Structures are given as structure tokens and as C-alpha cells.
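Spelled out from the first residue to the last, the chains are:
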Amino acid sequence: MRLVVLGSGTSVPHPQRASAAFWLETDGGSLLLDCSADAPHRMAQENLDWPNLDAIWISHLHLDHSGGLASLLFGMKWASQTQSRRKPLKMFSCAGLERVLKAIDDSNDYGLFKQPFPVELHECSDSPSEFEPFEGLRCATFSTPHTRESLALRATDSEQKTMVYSSDTGFSEELATFARDADLFVLECSFYEAKPVQTHLELAEAMRIAQLAEPRKLLLTHLYPEWDEIDLEATARALWPGETIAARDGLRLEI
Ligand SMILES: [Zn+2]
Ligand SMILES: [Zn+2]
């Protein structure tokens, strides 16, 4: 399993950090984890095979995680690279995505669901939910304290390698249980300290979750601009001795 960081940032425009998106690839297929407005072009920038993308996961409806989905569908509808595609594009999401996409679609004659290939949308309205975006990848969800619909994802491939993506979350010991023993734990770490809201994490909380979850590797992401001035990996190491990596756009990890 391989992960490419497309966007390690937040909703705040930043010169080096696009908003949230990750490309997860196994021998069985590819899964886009969140689709910020930056994601469609970031996939092309990283030379990823976006015309053959198998599936998309949308963790919650905040626009720094879902705002690129309508543009991606619009782009795939007209791109020369997708005209001969017949393989379905499967979307899996939190509750409410269909309503949002339909509202955009109905606001003009975009025809987002009329593609050269079938488009399927499955909302995980119950949590926990389980699904298989493509053969060989099993996914499970966990409801996070961020928004009513927000979900973390645990993905396990046919070799039993596991990646957990928290997306946005407040502090939760149950999240650590959900993420336990992951080979890679992609965890949000929005703020350094004195977080302004309860629905995100600051460093000490992220490291407490890491301590409980004991992942093989920890990737901290969703970094607000205040991190620009701080050595995240060094400060993280002082709180948890495991391997912590600060996410940056373009980073590629083998899981
Ligand atoms: Zn966010
Ligand atoms: Zn959010």
C-alpha cells in the first residue's frame, strides 16, 4: 500500500500546503481520501493515474475536504483521458454528500452524474460502517467528534497492512482504540497549543492518541499556518518516542 500526500493543509490558503487530500494505492486499485478544491490538480501534478481512479472517500462535508468533488466530476466528464473509461467511479462518504452534490448539480446543467462511465455514491449513514471500495481493500468507519457527520477511516489491504485516516477530529480515546496498531496513522494535528476550538487537535492531544494507538508510523497533517514556525517532528518526539512524520505536499510513503 502506498500513500501520496496531496494536501497537508487546511481551509486557509497557503503557498506550500494544499487543503486536505491523499492518494492511497494498493495493487488492487486507488482511493482518493478527501477531495479538497486543490485535489484534482494536485493529482495531475503528482503524475497520478487520476483518469483511472477507482474510488473516492469523503470524510465530512467541510469544503477543505469535499469542495473539489463537483469540479473533479465536471473535469472527468469532459477530459479526453476519461472518454473511453467504462469502469465505475465509486464514491463512499459520510451522510449528506448526495444532498450537497445534487444541490450543486441542480443549480445549473452540469450533469455531474452523467459521465462516460457509471458513478456510484454510497453514504455511510450508520457508523460504524464497513465497505470495500475495490477488491482487496476493506474499510471501516468511526464517528469522530468534529461535525455531526465526520468519520475516520480504517483501510486494510490483502496483505493485512493497515492505514487509518482520522480526517478532522477533536480529542477521543475511542479514536485511539479504532486506530490501534495501524501501520500508518494519518492523524490531524491542527494546532500547536491553546487550540481555539474543541473540534480539532493540538499537539499534546495528538501525541496522547498516538501513545494509546501505538502505530508503526504516525503522519501528522491538517497543519494550520502557525506550524510554519515550529519544528513539528522534534516537538512531537519529546511527547512520544515512536516515528512521527510531519506531512508535506508531495510526500510519498510505503505502508
Ligand atoms: Zn479540515
Ligand atoms: Zn472539518
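Computed from a prediction, not measured in an experiment: that's the story for all the values here. (Residues numbered from 1 in each chain as written. Chains lettered and ligands numbered in written order. Predicted model: local features only at pLDDT ≥ 70, side-chain atom pairs only at ≥ 80, totals over all residues. Heavy atoms only, no water.)

K.L.:
Which parts of the structure should I look at to understand the overall build of the protein?
P.N.:
Each helix and strand in the protein was counted, giving seven helices and 14 strands. In terms of overall dimensions, the protein is globule-like: its C-alpha atoms have a radius of gyration of 17 Å, near the 18 Å expected for 255 residues. When the backbone C-alpha atoms are referred to their principal axes, the protein occupies close to 50 × 40 × 35 Å. When the 255 residues of the protein are sorted by exposure, 58% land in the buried category. Considering only contacts within the protein whose residues lie at least 6 apart along the sequence, 64% involve residues at least 24 apart. By element, 48% of the accessible surface of the protein is carried by carbon and sulfur atoms, the whole surface being about 11100 Å². Side-chain charges of the protein comprise 23 positive and 39 negative groups, with the mean position of each set lying 4 Å from the other. (Helix = DSSP H or I, 4+ residues; strand = E, 2+ residues; numbered from the N terminus. Rg over C-alpha atoms; globule rule 2.2 N^0.38 Å. Buried < 20%, exposed > 50% of the residue type's maximum accessible area, 1.4 Å probe, protein only. Contact = heavy atoms within 4.5 Å. Areas by Shrake-Rupley, 256 points an atom, 1.4 Å probe, with all protein chains shown as cover. Lys, Arg positive; Asp, Glu negative; His and termini not counted. Charge placed at Lys NZ, Arg CZ, Asp CG, Glu CD.)

K.L.:
Any chance you could explain the coordination of the zinc ion (ligand 1) here in plain terms?
P.N.:
When a metal holds four donors in a tetrahedron, each ideal angle between them is 109.5 degrees; when it holds six in an octahedron, the ideal angles are 90 or 180 degrees. Protein coordination of the zinc ion (ligand 1) is provided by Asp64 (OD), His65 (NE2), Asp168 (OD) and His222 (NE2), with donor distances spanning 2.1 to 2.2 Å. Coordination at the zinc ion (ligand 1) is irregular: its four donor atoms span angles of 85 to 162 degrees at the metal. Between consecutive donor residues of the zinc ion (ligand 1), the sequence gaps follow D-H-x102-D-x53-H. Separation of the zinc ion (ligand 1) from the zinc ion (ligand 2) amounts to 3.5 Å, with Asp168 serving as a shared donor to the pair. Linking Asp64 in helix α2 (residues 63–66) with Asp168 in the loop between β10 (162–165) and α5 (173–179), this pair joins segments that are 104 residues apart in sequence. (Donors = N, O, S within 2.8 Å, 3.2 Å for Na, K, Ca; no water. Tetrahedral: all angles 85-135°; square planar, octahedral: opposite > 155°, others 65-115°.)

K.L.:
When you look at the sheet that holds strand β13 (residues 243–246) in this model, what are you seeing that I'm missing?
P.N.:
The strands that make up a sheet are held in pairs by hydrogen bonds between backbone atoms, and each pair lies either parallel or antiparallel. Sheet architecture is open: seven strands sit in the order β7-β8-β9-β10-β11-β12-β13, paired in mixed fashion. Two strands lie at the open edges of the sheet, namely β7 (130–134) and β13, each paired on one side alone. Between one strand axis and the next, the sheet turns through 20 degrees on average, direction left out of account. Pairing geometry for β10 and strand β11 (residues 184–188), over three bridges, is parallel. Paired with Val164 across the two strands is Phe185, which belongs to β11. (Pairing = 2+ DSSP bridges. Axes fitted to C-alpha atoms, helices over the stretch in contact; angles between N-to-C directions.)

K.L.:
Just to check I follow, could you spell out the packing of helix α3 (residues 69–78) against helix α4 (residues 97–106) for this structure?
P.N.:
Two numbers describe how α3 lies on α4: the axes approach to 10 Å, and their chain directions differ by 60 degrees. One way to sum up the angle between α3 and α4 is to call them oblique. Where α3 crosses over α4, the handedness of that crossing is right-handed. Contacts from Leu69, Ala70 and Leu73 in α3 reach Leu97, Leu101 and Ile104 in α4. (Parallel < 35°, antiparallel > 145°, perpendicular 65-115°, else oblique. Left-handed = near helix turned anticlockwise from the far one by under 90°.)

K.L.:
Can you walk me through the coordination of the zinc ion (ligand 2) in this structure?
P.N.:
Protein coordination at the zinc ion (ligand 2) comes from His60 (NE2), His62 (ND1), His146 (NE2) and Asp168 (OD), with a distance range of 2.1 to 2.3 Å. The motif formed by the donor residues of the zinc ion (ligand 2), counted along the single chain, is H-x1-H-x83-H-x21-D.

K.L.:
Whenever I open this one, the pattern of salt bridges confuses me. Can you help?
P.N.:
Note that side chains of opposite charge can pair when their charged atoms are close. By the definition in use, this model includes 10 salt bridges. A network of salt bridges, in which partner residues are shared, links Arg2, Glu25, Asp27 and Glu254. (Salt bridge = Lys/Arg side-chain N within 4 Å of Asp/Glu carboxyl O.)

K.L.:
What should I look at first to understand the pairing of strand β6 (residues 119–123) in this one?
P.N.:
For a regular strand, the rule is simple: side chains alternate between the two faces of the sheet. As defined by bridge partners, strand β5 (residues 89–93) adjoins β6 across five bridges and the pair is classed as parallel. Looking at β6, one finds that Met91 is bridged to Leu121. Once the chain exits β5 it traverses α4 before rejoining the sheet at β6, and the crossover so formed is right-handed. (Right-handed = clockwise from strand over helix to strand, strands pointing away.)

K.L.:
Honestly, helix α6 (residues 203–213) in this entry has me stumped. Any pointers?
P.N.:
For α6, the full list of buried residues reads Leu203, Glu205, Ala206, Met207, Ile209, Ala210 and Ala213. Considering only its buried residues, α6 is in contact with α5, β11, β12 (217–221), α7 (232–237) and β13. With its phi angle positive at about 50 degrees, Glu214 sits one or two positions after the end of α6.

Note that all results are geometric; they support no functional claim without further evidence.
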